[in-house]
Amino acid sequence: MSDETDADHDDQAKSDPDRTAETEDDVLFRLFKIPFTRRRIAVLLAGVVALLLVPELQHLHADLRVRTVYLGLCWGMAALGLNLLLRHTELVSFGHAAYFGGGAYGAALAAQYAGVQEAILLILAGIIAGTTLAVLIGWLVAGYLDIYFALLTLAFNQLLFAIVMGSSEILGSDDGLGVRPEAADLTRPTLFGLELTSAQYEVLTYYLVIGVLLVLLVVTWRLVNSPFGRALDAIGQDRTRARFIGIPVKRYVWITFVISGIYGGIAGALYALSMLHVRPGNTLFVIRSGEILFMAILGGFKTLLGPIVGGIALTYMLTELRFTTEFWEFYTGLLLLFVVFLMPKGIIGSLPAIVEGARYRARNPGMLSEDADSLGGLIREKLNDAVESTKVLLFGVK
Amino acid sequence: MLEQSLLTPLFVDTIVDALPSWTLFVRQTLNGLFFGFILFMIATGLTIIFGVLGILNLAHGEFYALGAFLVFSVAGLLLGFVGPPTDWLSIAVFAVVALVAVLVAAAVLLPVSAVLETIFVRPIYDREEVYQLLLTYALLLMMVDVLLFFWGGQPRRLATVFSGINQIPTTELVGISYPSYNIFAILIGLLVFGFLIWFFERTKTGRIVRATAINREAATAMGVSSDRVFTLVFAMGGFFAGFAGALHGAGPISADVGMGIRPLVLSFVVIVVGGLGSIKGAFVGAILIGLASRWTIMIYPPAELAAPYAIMVLVLLLRPEGLYGTWGEIE
């Protein structure tokens, strides 16, 4: 289901042989107005089946945990929302944890103070909280650009974090809030009115997340390919020009901001349903905002599925790697470096190029030794550069 | 490691209960100035790196942390030769050795950040800025574990310098008891500010850096190697962040692995309040943030965390270019 929408202005897409292949003949059927080709169906089915198999397969390997994939999907959803801004309006939000955390806290507050026990209603509470925040903050930031937009969203994010940290009575400060009604004798929320055991709850909420994710992907696809989505692309390319052709730039950016905040709110509420306890450091802190942004970039922010893949990948690195090695942050950083330098369009975005390269090398095995040579040469050159610069810096030019 | 110390207070203050309100006010003001000067030294590097290279260096807080750990080791080594101070002369020797230790710790940051810049940052100047963010984030994560590898997960406290320097009476002369170390740190911070202004206004290298910031192509045409200027600026930023870390780590706080995050985020606040790329702005912003956060602790403690961000939001909404705009014409 790689996304062909921006082939018009994305030069890279034109040179990509897989993208030009699609014509009207390849479309087998349309669902929700999305043309499904054989490739798309295959990718979609493979993805959904792989996700659905996780609860069955988790007994096979200790590192495969439903909880982690679940959280990865939640963060990925937030990254999907952020990607609406990043990909189309070209605005870098460094404060999306505000809506994720807002959603999580919305659910927790509804459970704590309104006595809501039903998971679906908790999600609704999270959406309301996330939307309210996005409406307010979006209205204030919609007119800003580039680094100012990034830093302003960051400031609001941290302001929210500071407010939660400072309010020990209502919002629980650093200790956070439980997502379970105090009065009722429940250990976890009910799902569609059913009281579930821990194992049932975990699997059913996981299926719920997959369902929500599919809905959000369809919504995103429709949104991106609508006239509204095109208008956002125009805004991203040149605001002045967009204004000249009659696009109400600020209002459109605001609307997009709110939509992406809603994604964050949904994701945050789902997160709260799984964790059953929300803490500001885990949901609202600015580093979480950075992670949401990096998930989108890691997966490939020029693609539809990239943020989801990036979400699962980065969540795995940040939560599971620490059980394998003490220096998990180092290896996470190393993997990110690897992506920055060798997969310049993110995991999903670089996939076609990598497949093409691998095919080429399968035909010409001699290429491999050339690759090794050029890589060795590159590293040697870099080290020389570094030594030279340091010498110049410390001792001046001789 | 990052998670643990996110929320621990960054600045451990002296105990301030049951004091007359005037003394309390003076103390918190001095705390705010000390806090502000440390922040200034971190933020100034961030702001010149952003101004010249156009990169928001997320690994900058780790330079500060590295400085704090280095001074722990370097001062521990050097002060072993001197021994604890007893009389006037030995206090003077002790102070000089401590200052040398701080400088040595910061100097290590020069080659470290220069190498990081040439190997990792230089290849991506032409890439989209989100990749630059991702790269510096990767460097942040890796540096955290480098610190963990060399110094371990336990906080490292260098108490000898702080208590040694505090034997020099300063504020006691006017009747207030306040750590002399912090007073000296404030004075050193002023010197750093003066040096930076002098460097960028008066020296040839400083002017070359500013010229590169204003127009890279024109500077290149004049024979300036922009690669070298970029390395120099990155290394300078690393040096001052390390200097701040060393000065802070030799003083009232202990060094721990996750200590780089909060100064980093507060430095964002500082450079935004002051104006991106402006050193004077970073100075005013840092002092403002320092004082505001210490004063709110005095008036209404729960608002301490929120105060800097509230200021940042106000400045961005009312005067987006910051208090001072920019000294180079940096877009």
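No experiment lies behind these values; they were computed from the predicted model shown.

A. Local environment of the overall build of chain A. Counting its regular elements, chain A contains 18 helices and four strands. Relative to a compact globule of 398 residues, whose C-alpha radius of gyration would be 21 Å, chain A shows 23 Å and is just as compact. Each principal axis of the C-alpha distribution contributes one length, and for chain A these read about 70 × 65 × 55 Å. Counting every position in chain A, which comprises 398 residues, the buried fraction comes to 53%.

B. Region of the structure containing the overall build of chain B. If you tally the helices and strands in chain B, you get twelve helices and zero strands. Mapped from its N terminus to its C terminus, chain B presents α and β elements in the order α-α-α-α-α-α-α-α-α-α-α-α. Taken over the C-alpha trace, chain B has a radius of gyration of 20 Å; the compact-globule value for 331 residues is 20 Å, and the two agree within 12%. Dimensions of chain B along its principal axes, counting C-alpha atoms only, are 60 × 50 × 40 Å. Contacts in chain B between residues at least 24 apart in sequence constitute 78% of all its contacts with a sequence separation of at least 6. As displayed, chain B offers around 12600 Å² of accessible surface, 68% of which is attributable to carbon and sulfur atoms. Charge separation in chain B, taken as the distance between the mean sites of 15 positive and 19 negative side-chain charges, equals 7 Å.

C. Here's a closer look at the pairing of strand E1 (residues 27-31) of chain A. Alignment of E1(A) against strand E2 (residues 34-37) of chain A, held across four bridges, turns out to be antiparallel. Bridge assignment links A:Phe29 to a residue of E2(A), and that residue is A:Phe36.

D. The pattern of salt bridges, seen in detail. Enumeration over the complete set of coordinates arrives at nine salt bridges over all chains. A salt bridge links A:Asp238 to A:Arg241; the nearest nitrogen and oxygen atoms lie 3.5 Å apart. With a relative accessible area of 25%, A:Asp238 lands in the partly exposed category. B:Glu128 serves as the salt-bridge partner of A:Lys302, at 3.5 Å between the closest nitrogen and oxygen. Separated into two different chains, A:Lys302 in the loop between helix H13 (286-299) and helix H14 (306-319) and B:Glu128 in the loop between helix H3 (88-121) and helix H4 (129-151) make up a pair that spans both. For B:Glu128, a relative accessible area of 40% puts it in the partly exposed group. Within this structure, A:Asp385, B:Glu117, B:Arg122 and B:Asp227 form a network of salt bridges that share partners.

E. Quick peek at the interface of chain B and chain A. Counting residues at the interface gives 55 residues for chain B, matched by 57 residues for chain A. Counting the surface lost from both chain B and chain A, the interface buries some 5300 Å², and carbon and sulfur atoms represent 78% of this. Across the contact surface, chain B and chain A share two salt bridges. Applying the counting criterion to the chain B and chain A interface returns ten residue pairs in polar contact (both at pLDDT 80 or more). Within the residue set of the side of chain B that touches chain A, elements represented by two or more residues are H3, H4, helix H9 (226-249), helix H10 (261-274) and helix H12 (306-318) of chain B.

F. The arrangement of the nonpolar core in detail. Ranked by internal contacts, the top residues of the largest apolar core, which has 241 residues, are A:Leu270, A:Phe294 and B:Phe40. Sort the elements by how many residues they give to this core and helix H1 (residues 21-53) of chain B lands first, with 17 residues. The contact partners of B:Phe40, leaving out residues within four places of it in the chain, are B:Gly189, B:Val192, B:Phe193, B:Leu196, B:Ile279, B:Ala282, B:Phe283 and B:Ala286.

G. Representation of unusual backbone geometry. Residues and elements named next belong to chain A. Not every positive phi belongs to a glycine, and Asp-146 is a case in point at roughly 50°. Along the chain, Asp-146 turns up in helix H7 (residues 146-166). Of note in this structure, Leu-276 is not a glycine but carries a positive phi near 65°. In this structure, Leu-276 sits in the loop between helix H11 (249-275) and strand E4 (277-278). We classify Leu-276 as buried; its relative accessible area is 12%.

H. Highlighting a nonpolar patch on the surface. On the surface, A:Leu28, A:Phe29, A:Leu31 and A:Phe32 cluster together to form a nonpolar patch covering roughly 400 Å² of accessible area. For A:Leu31, the position within the fold is in strand E1.

I. Structural context of helix H16 (residues 328-342) of chain A. With 15 residues, H16(A) extends 21 Å between its outermost C-alpha atoms, agreeing within 8% with the 21 Å of an ideal straight helix rising 1.5 Å per residue. Listed as buried for H16(A) are A:Trp328, A:Glu329, A:Thr332, A:Gly333, A:Leu336, A:Leu337, A:Val339 and A:Val340. Check the buried side of H16(A) and you find it contacts H13, H14, helix H15 (321-324) and helix H17 (346-363) of chain A together with H3 and H4 of chain B.

J. Structural detail: the packing of H13(A) against H17(A). All names here are of chain A. Close contact between H13 and H17 brings their axes to 3 Å; oriented N to C, the two are set at 5°. Judged on the interaxial angle alone, H17 and H13 are roughly parallel. Every residue of H17 that contacts H13 at Ile-297, Leu-298 and Gly-299 is listed here: Gly-346, Ile-347, Ile-348 and Gly-349. Broken down by class, the residue content of the contact of H13 with H17 amounts to four nonpolar, three polar and no charged.

K. Representation of the confidence of the model for chain B within the structure. Residues and elements named next belong to chain B. Per-residue confidence for chain B averages 83 on the pLDDT scale, and 90% of its residues sit at or above 70. By mean pLDDT, helix H5 (residues 159-165) is the weakest element of chain B at 76, and H9 is the strongest at 90. Scored below 50 in pLDDT, residues 1-16 makes 47 contacts in the model with residues more than four places away or belonging to other chains. In this model, residues 327-331 is a region of pLDDT below 50 whose contacts with residues beyond four sequence positions or in other chains number 13 contacts.

L. Representation of the side chain of B:Thr136. All names here are of chain B. By the element assignment, Thr-136 lies in helix H4. Classification of Thr-136 by relative accessible area gives buried; the value is 1%. With sequence-adjacent residues up to four places away left out, Thr-136 is seen in contact with Ile-55, Leu-56, Asn-57, Leu-58 and Ala-59.

What counts, and at which threshold
Here, residues in each chain are numbered from 1, in the same order as that chain's written sequence. Whichever chain is written first becomes A and whichever ligand is written first becomes 1, with later ones labelled in order. Reporting of local features is limited, given that this is a predicted model, to residues whose pLDDT is at least 70; pairs of side-chain atoms are given and counted only at 80 or more, and all residues count toward the totals for whole chains, interfaces and linings. Hydrogens and water are ignored here; the side-chain numbers use all heavy atoms of the structure. What counts as a helix is a DSSP run of H or I of at least four residues, what counts as a strand is a run of E of at least two, and both are numbered from the N terminus. To get the radius of gyration, use the C-alpha atoms; to get the globule rule, take the number of residues to the power 0.38 and multiply by 2.2 Å. Relative accessible area decides the class of each residue, using a 1.4 Å probe on protein chains only: under 20% of the type maximum gives buried, over 50% gives exposed, and in between gives partly exposed. Throughout, a residue-residue contact means that at least one pair of heavy atoms, one from each residue, lies within 4.5 Å. With residues, only the protein chains shown are counted as cover, and all accessible areas are computed by Shrake-Rupley using a 1.4 Å probe. Counted charges follow a simple rule, with Lys and Arg positive, Asp and Glu negative, and His plus the chain ends left uncounted. Here the site of a charge means atom NZ of a Lys, CZ of an Arg, CG of an Asp or CD of a Glu. Paired strands are those between which DSSP finds at least two bridges. Throughout this description, the term salt bridge denotes a Lys or Arg side-chain nitrogen within 4 Å of a carboxyl oxygen of Asp or Glu. Summed over both partners, the accessible area (1.4 Å probe) lost when two parts come together is defined as the buried area. For this analysis, a polar contact is any N or O atom pair within 3.5 Å, provided that within protein one partner can donate a hydrogen and the other can accept it, and provided that sequence-adjacent residues contribute only side-chain to side-chain pairs. The definition of a nonpolar core used throughout is a set of buried Ala, Val, Leu, Ile, Met, Phe, Trp, Tyr and Cys residues joined through side-chain atoms within 4.5 Å. Only residues whose relative accessible area exceeds 30% and that form no salt bridge enter a patch; like-charged residues are grouped when within 9 Å of one another, and nonpolar side chains (Val, Leu, Ile, Met, Phe, Trp, Tyr) when within 5 Å. Here the expected length of a helix is defined as 1.5 Å per residue gap, with one fewer gap than residues. Simply put, an axis is a line fit to the C-alpha atoms, just over the touching stretch for a helix, and the angle between two N-to-C directions goes from 0 to 180 degrees. Throughout, the term roughly parallel applies to angles under 35 degrees, roughly antiparallel to angles over 145, roughly perpendicular to angles from 65 to 115, and oblique to all others. As a working rule, the residues Ala, Val, Leu, Ile, Met, Phe, Trp, Tyr, Cys and Pro are called nonpolar, Asp, Glu, Lys and Arg charged, and the rest polar, with Gly in that last group. pLDDT is a residue-level measure of predictor confidence that goes from 0 to 100.

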